[in-house]
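Each chain, written out:
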Amino acid sequence: MYLLVNIIGLIVFVGLAFLFSKKKSKIKWRSIGIMMAINLFLAWFLTGFPIGRNIVMGAANGFNWLVQVAYTGIAFALPSWVAVKQMDFVTSVLLPILMIIPLFDILTYIGVLPWIIKWLGRGLSKVTGQPKFESFFAVEMMFLGNTEALAVSALQLKQMKGERNLTLAMMSMSCVTASIIGAYTQMMPGQFILTAIPINIINAIIVTNILNPVEVTPEEDTIATMSGSGSDTSDEQVDVQGKEPFFSFLGDSILNAGKLVLIITANVIAFVALAALIDKILQLINPWITLEHLLGIIMFPFAWLMGLDVSHAFEFAQFMGTKLVTNEFVVMGKVTNTIGDFAPHYKAILTVFMTSFANFSTVGMIIGAFKGLVDKSKNNLIAKNVGYMLLSGILVSLLSAATVGLFVW
């Protein structure tokens, strides 16, 4: 019964994307079907086969190992924060970012991550039949983050037409940065975090290609370089900027990691406090009314379509709504001590749904990034489609959770 509801939910979520599509007749259903088949196989393989489970568990354990190594640096500077029975959120989850982000930046500096991004992007483009740059960008986001991927793609954004820029803005709502995965795995089941990441990438392409299908000619399907006329038909991106000295680069990376820790901390404190304030105001009207209850009512149909009974669906809907109006860390903090007791299906779909930056604050970040990268007409097009950006992020999270949920009971 619940499996059937989950299958129906998957169909409904694709149907919603079709309902809001800007150009229904332009949707390439063959490509969509291929990508959905890939995602179903990935979810089945990574959750249903011992080798698949071992792969994601090994990756999750690797990130947890990195976090444990990071505690060495934290203990040196702040021993009283580490040598306690239970570390707080900032110490256990956020401060390890100070090591993990520079590590990924070093891999970028020496060329390892660009090489991985290039070949994964090329393979994704060949298999799915999607334009080259959109495929590169999907992989790029996974390692660099949404605003970072946009920043390094500035030349490409300037050369592409506005509709393709909008596609990238919508895709950016479903980003997860590799350098922050360690923080996630300290709060939620690591195997489902790692399962969600590749599935999110492909679902971001699926959803944006349904909501905003764009015709890309062979002449437009290029990767921008600084050589010749400004574009090139090869699959490779060329780095023409000279590298800054390593230790200068590393210092900037560490400072950026520190800024990110402060930004996340500030956001979590502010959102939790504001949500509490809204609850206090709402409860003046009726003690039952809270922000979570209201969001739960709105999101309940989507939660039920994940294959949950009514009581669990309402709780899940509250978590969904809270994540969308605040961020994933707020919800993760609420469930981290109890998620181990959840039923397997509930645990899987909740973890997968939380594994993305799809929320209201991300919209502001993306619009701000584009404002500094493209001309006014392209930026205005993106600003006019805030609703589509939010819808894209929500649908990708729903599709990914429903896809993984099919195979975990």
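Residues numbered from 1 in each chain as written. Predicted model: local features only at pLDDT ≥ 70, side-chain atom pairs only at ≥ 80, totals over all residues. Heavy atoms only, no water.

(A) The overall build of the protein, seen in detail. If you tally the helices and strands in the protein, you get 21 helices and two strands. The principal-axis extents of the C-alpha atoms in the protein amount to approximately 65 × 55 × 50 Å. Once local pairs closer than 6 in sequence are excluded, the contacts in the protein between residues at least 24 apart make up 76%. Accessible area for the protein stands at about 18,200 Å²; split by element, carbon and sulfur atoms hold 69% of it. (Helix = DSSP H or I, 4+ residues; strand = E, 2+ residues; numbered from the N terminus. Contact = heavy atoms within 4.5 Å. Areas by Shrake-Rupley, 256 points an atom, 1.4 Å probe, with all protein chains shown as cover.)

(B) Local environment of the nonpolar core. Among the nonpolar cores identified, the biggest contains 120 residues, and Met188, Phe316, Phe329, Leu350, Phe370 and Met389 are the most heavily contacted of them. The element contributing the most residues to this core is helix H13 (residues 190–211), with 14 residues. Look past the residues within four positions of Met389 in its chain and what remains in contact with it is Ala169, Met170, Met173, Val363, Ile366, Ile367 and Ile382. (Core = buried A, V, L, I, M, F, W, Y, C linked by side-chain atoms within 4.5 Å. Buried < 20%, exposed > 50% of the residue type's maximum accessible area, 1.4 Å probe, protein only.)

(C) Quick look at the packing of helix H8 (residues 132–144) against helix H11 (residues 162–171). Their axes nearest at 11 Å, the elements H8 and H11 cross at an angle of 25°. Accordingly, the angle class assigned to the pair H8 and H11 is roughly parallel. For H8 against H11, the interelement crossing comes out right-handed. Residues Phe133, Glu134, Phe137, Ala138 and Met141 of H8 pack against Arg164, Thr167, Leu168 and Met171 of H11. (Axes fitted to C-alpha atoms, helices over the stretch in contact; angles between N-to-C directions. Parallel < 35°, antiparallel > 145°, perpendicular 65-115°, else oblique. Left-handed = near helix turned anticlockwise from the far one by under 90°.)

(D) Expanded view of helix H16 (residues 310–325). Between its first and last C-alpha, H16 extends 23 Å over 16 residues, near the 22 Å set by a 1.5 Å rise per residue. What H16 keeps buried is the set Ala313, Phe316, Ala317, Gln318, Phe319, Met320, Gly321, Thr322, Lys323 and Leu324. Where the residues of H16 are buried, they touch helix H15 (291–304), helix H17 (328–335), helix H18 (344–354), helix H19 (360–371) and helix H21 (386–405). (Expected span 1.5 Å × (residues − 1).)

(E) Broad picture of the UniProt feature "domain: Concentrative nucleoside transporter N-terminal" (unreviewed entry) in the protein. Feature annotation in UniProt assigns "domain: Concentrative nucleoside transporter N-terminal" (unreviewed entry) to the following positions: residues 8–79. A helix fraction of 85% and a strand fraction of 0% characterise residues 8–79, whose end C-alpha atoms lie 52 Å from each other. (UniProt positions renumbered as here; feature names shortened; annotations may be inferred.)

(F) Broad picture of the pattern of salt bridges. Counted according to the given criterion, the structure contains one salt bridge. A salt bridge links Arg164 to Glu134; its shortest N-O distance comes to 2.8 Å. Of this pair, Arg164 sits in helix H11 while Glu134 sits in helix H8, placing them 30 residues apart in sequence. We classify Arg164 as buried; its relative accessible area is 2%. (Salt bridge = Lys/Arg side-chain N within 4 Å of Asp/Glu carboxyl O.)

(G) Focus on the confidence of the model for the protein. A residue-level look at the protein finds 93% of positions with pLDDT of 70 or above and a mean pLDDT of 84. Model confidence for the protein, summarised as mean pLDDT per element, is weakest for strand S2 (residues 231–232) at 40 and strongest for H18 at 95. (pLDDT = per-residue confidence, 0-100.)

(H) Spatial organisation of the side chain of Thr355. Take Thr355: it is sitting in the loop between H18 and H19. At 2.7 Å, the side chain of Thr355 and the backbone oxygen of Thr351 are in polar contact. Ignoring anything within four residues of it in the chain, the contact list for Thr355 reads Val176, Tyr184, Ile193, Ala196, Ile197 and Asn200. (Polar contact = N/O pair within 3.5 Å; in protein donor to acceptor, adjacent residues only side chain to side chain.)

(I) View of a nonpolar patch on the surface. Together, Met1, Tyr2, Leu3, Ile7, Ile11, Trp304, Val310 and Trp409 make up a nonpolar patch on the protein surface, roughly 840 Å² of accessible area in all. Ranked by residue count, the leading element in the nonpolar patch is helix H1 (residues 2–19), at four residues. Tracing the chain through its elements places Trp304 in helix H15. Among the residues examined, Trp304 registers a relative accessible area of 33% and is labelled partly exposed. (Patch = residues over 30% accessible without salt bridge, like charges linked within 9 Å, V, L, I, M, F, W, Y side chains within 5 Å.)

(J) Quick peek at the packing of aromatic side chains. For the structure on display, the rule yields 15 aromatic pairs. The rings of Phe41, Trp44, Phe45 and Phe49 are connected pair by pair, giving a single aromatic cluster. Residue placement shows Arg122 over the ring face of Trp119; its charged tip is 4.2 Å from the ring centre. Here the basic side chain of Lys323 rests over the ring of Phe353, its NZ or CZ set 5.4 Å away from the ring centre. (Phe/Tyr/Trp six-rings, centres within 6.5 Å; stacked < 30°, edge-to-face > 60°. Lys NZ or Arg CZ within 6 Å of the ring centre and 35° of its normal.)

(K) Broad picture of the packing of H16 against H17. At a closest axis distance of 7 Å, the pairing of H16 and H17 adopts a crossing angle of 140°. It follows that H16 is oblique to H17 by the angle criterion. Between H16, through Phe319, Thr322 and Lys323, and H17, the contact on the second element is made entirely by Glu328, Val330, Val331, Lys334 and Val335. Its residues placed into classes, the contact of H16 with H17 shows four nonpolar, one polar and three charged. (Nonpolar A, V, L, I, M, F, W, Y, C, P; charged D, E, K, R; others polar.)

(L) Focus on H15. In this model, H15 (14 residues) spans 19 Å end to end at C-alpha, consistent with the 20 Å of a helix rising 1.5 Å per residue. Maximal helix bending in H15 amounts to about 50°, located at Ile298; proline Pro301 follows within four positions. Looking at H15, one finds that the buried residues are His293, Leu295, Gly296, Met299 and Ala303. (Bend = angle between axes of the 7 residues up to and from the residue.)

(M) How the structure looks around the side chain of Thr47. By the secondary structure assignment, Thr47 is in helix H2 (residues 29–48). Within the structure, the side chain of Thr47 is placed 2.5 Å from the backbone oxygen of Ala43, a separation counted as a polar contact. Leave out the neighbours within four places in its chain, and Thr47 touches Arg53, Phe192, Thr195, Val404, Phe407 and Val408.

(N) Structural context of the environment of Met142. Locating Met142 in the fold gives a position in helix H8. Given the relative accessible area of 15%, Met142 is considered buried. It is 8.4 Å that separates the C-alpha atoms of Met142 and Pro198, two residues lying 56 residues apart in sequence. Not counting residues up to four positions away in its chain, the partners in contact with Met142 are Leu120, Val176, Thr177, Ala178, Ile197 and Ile201.

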